[in-house]
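What follows is each chain in one-letter form.
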Amino acid sequence: MELRRCSGADAAVLIGIYRDAVLNLGRQAYTAEQVEVWARYPEDPAAFRESLSQGFTRCAVIDGRPAAFGQLNPSDHIALLYCRAQYARRGCASAVLEALEARAAAEGAVRIGTEASAVSRPLFEIKGYRVVETEKPVRHGIEFLRFRMEKELT
C-alpha cells in the first residue's frame, strides 16, 4: 500500500469508493432506506471535484488503484474518510487517517474533529477520538445517527 495526494482528477474514483463503502459497509449500522439516501452523495460530481481542491485529500493505493481516501478540510477537521469494502480492516483507512492527522499537526492544529458514522466510530475511538456529541441530522427526510468526535493532537 502507498499513500498519495488526490486531486480533482480522482473525483470519479473517489465517488466510487464512497458509494461502495456506504452500500456495503453502511448496512452494518443503518437501515436500507438510510443507506440508499446516504449513497446519493455526492449528487453533483462537479461540485465534489471542486471540493477536493479545497482541502487536503489523501488516498491509500493498492496495486495502482485507490482503495481508501480521506479529506482534511479545514486543517483541523476530517471531512471525509471512506474505504472500499474489500479493503476494510486492512489498515487502509487507518493509514489515511494518520496522514491527515500528521498534516493537521504540521499546520498547527492542536485538536482535530470529525462527524463519524456508526460504522467509522470504532476506528476513530481506536485512534484516540472521543465522542463529544451525538447528532441526528436529516438528509432527504431521513434521520441518521452520527457522532461528533475530537482528538487532541500531540
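Each value, and the rule that gives it
- Throughout this description, residue numbers start from 1 for each chain and increase along the sequence as written.
- Only residues with pLDDT of at least 70 get local features here, since the model is predicted, and only at 80 or more are side-chain atom pairs given and counted; chain-wide, interface and lining totals rely on the full set of residues.
- As a rule here, side-chain values come from all non-hydrogen atoms in the structure, and water together with hydrogens is ignored.
- Every case where a carboxyl oxygen of Asp or Glu lies within 4 Å of a side-chain nitrogen of Lys or Arg is listed as a salt bridge.
- The numbering of helices and of strands both runs from the N terminus, where a helix is a DSSP run of H or I of at least 4 residues and a strand a run of E of at least 2.
- We call a residue buried when its accessible area falls under 20% of the maximum for its residue type, exposed when it is over 50%, and partly exposed in between, using a 1.4 Å probe and counting protein chains only.
- Residue count minus one, scaled by 1.5 Å, sets the expected span of a helix.

Participant: Could you give me a rundown of the pattern of salt bridges, with the residues and numbers involved?
Facilitator: On inspection of all chains with the given rule, the structure shows twelve salt bridges. Glu 150 serves as the salt-bridge partner of Arg 111, at 3.7 Å between the closest nitrogen and oxygen. You can see Arg 111 sitting in strand S5 (residues 111–117) and its partner Glu 150 sitting in strand S9 (residues 146–152), a full 39 residues away along the chain. Looking at Glu 150, the relative accessible area reads 21%, which means it is partly exposed. Its salt-bridge partner being Glu 135, residue Arg 148 comes within 3.8 Å of it at the nearest N-O pair. Remark: Glu 135 occurs in strand S6 (residues 130–135) and Arg 148 occurs in strand S9; sequence separation between them is 13 residues. Overall, Glu 135 belongs to the buried group, its relative accessible area being 16%. Linked through salt bridges whose partners overlap, the residues forming this network are Arg 111, Arg 130, Glu 150 and Glu 152.

Participant: Account for helix H4 (residues 92–106), naming residues and giving values.
Facilitator: Over its 15 residues, H4 runs 21 Å from end to end, which matches the ideal 21 Å to within 8%, given 1.5 Å per residue. Inspection of H4 places Cys 92, Ala 93, Ser 94, Ala 95, Val 96, Leu 97, Ala 99, Leu 100, Glu 101 and Ala 104 among the buried residues, and these make up the whole buried set. The first or second residue beyond H4 is Gly 108, which carries a positive phi of 95°.

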